[in-house]
Amino acid sequence: QVQLVESGGGLVQAGGSLRLSCAASRTIFSINAMGWFRRAPGKQRELVASITSGGTTNFADSVKGRFTIFRDNVKNTVYLQMNSLKPEDTAVYYCSARIFSNDYWGQGTQVTVSS
């Protein structure tokens, strides 16, 4: 069991940056993997970035070189640093955690990038 709370979404102009935070209610050492997903209007949910308990990261091709995922083990928080934002990045972003094949989700945070 874990509760996830996202924050950091908002409105930003193209080319700008945002940092999303996901605070977990338990030590992230006990979480197999955490990730950020997004769902844009009319599109399927997609994995944006993930990080395993061992520190391995993975990124969608569309965000490689622009987004970074990292963690603070003291704060039990995972971050998504989003740079060089594009209008097509507009979506609701969800934090997810996987524990023994069970997935848990945050409430989502809206990111809107204006052209």
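What you see is a predicted model; the values in this text were computed from it and never measured. (Residues numbered from 1 in each chain as written. Predicted model: local features only at pLDDT ≥ 70, side-chain atom pairs only at ≥ 80, totals over all residues. Heavy atoms only, no water.)

**Some thoughts on the state of the cysteines**
Thought 1: On inspection of all chains with the given rule, the structure shows 1 disulfide.
Thought 2: Across the disulfide from Cys22 sits Cys95; the S-S distance is 2.0 Å. As the torsion about the S-S bond is roughly -80 degrees, the Cys22-Cys95 disulfide counts as left-handed. Here Cys22 is found in strand 3 (residues 18–24), whereas its partner Cys95 is found in strand 9 (residues 91–99), with 73 residues between them in sequence. (Disulfide = S-S within 2.5 Å. Helix = DSSP H or I, 4+ residues; strand = E, 2+ residues; numbered from the N terminus.)

**Notes on the environment of Ser101**
Thought 1: Its place among the elements puts Ser101 in the loop between strand 9 and strand 10 (102–105).
Thought 2: Judged by relative accessible area, Ser101 falls into the exposed class, the value being 65%. (Buried < 20%, exposed > 50% of the residue type's maximum accessible area, 1.4 Å probe, protein only.)

**Brief notes about the sheet that holds strand 1 (residues 4–7)**
Thought 1: Here 4 strands make up an open sheet; going across it, the order is 1-3-8-7 and the pairing antiparallel. Edge positions in the open sheet fall to strand 1 and strand 7 (67–72), since each of these has one partner strand only. With strand direction ignored, the average angle separating the axes of adjacent strands in the sheet is 15 degrees.
Thought 2: Bridge count between strand 3 and strand 8 (residues 77–82): 6 bridges; the pairing is antiparallel. Bridge pairing links Ala23 to Thr77 in strand 8. (Pairing = 2+ DSSP bridges. Axes fitted to C-alpha atoms, helices over the stretch in contact; angles between N-to-C directions.)

**Some remarks on empty space enclosed by the protein**
The probe, sized like a water molecule, is rolled over the atoms to show the empty space still left.
Thought 1: Scanning the model with the defined rule gives 1 cavity of 30 Å³ or more in all.
Thought 2: If you add up the space inside the largest cavity, you get close to 70 Å³.
Thought 3: Lining the largest cavity, in full, are Ile28, Phe29, Ile31, Asn32, Ala33, Met34, Ile51, Thr52, Ser53, Arg71, Asn73 and Val78.
Thought 4: Elements supplying a minimum of two residues to the lining of the largest cavity: strand 4 (33–39) and strand 5 (46–52).
Thought 5: Taken together, the residues that form the lining of the largest cavity break down as 7 nonpolar, 4 polar and 1 charged. (1 Å grid on protein atoms, 1.4 Å probe; cavity = no way out; pocket = protein on both sides within 12 Å on 5 of 7 lines; lining within 4 Å. Points joined across faces, edges and corners; volume = space filled by probe spheres on them. Nonpolar A, V, L, I, M, F, W, Y, C, P; charged D, E, K, R; others polar.)

**Concerning the side chain of Ser96**
Thought 1: Its location among the elements puts Ser96 in strand 9.
Thought 2: By relative accessible area, which is 5% here, Ser96 ends up buried.
Thought 3: Among the polar contacts made by the side chain of Ser96, one reaches the main-chain carbonyl oxygen of Tyr104 at a distance of 3.3 Å.
Thought 4: If near-sequence neighbours (up to four positions away) are discounted, Ser96 is found in contact with Leu4, Ala33, Met34, Gly35, Phe37, Asp103, Tyr104 and Trp105. (Polar contact = N/O pair within 3.5 Å; in protein donor to acceptor, adjacent residues only side chain to side chain. Contact = heavy atoms within 4.5 Å.)

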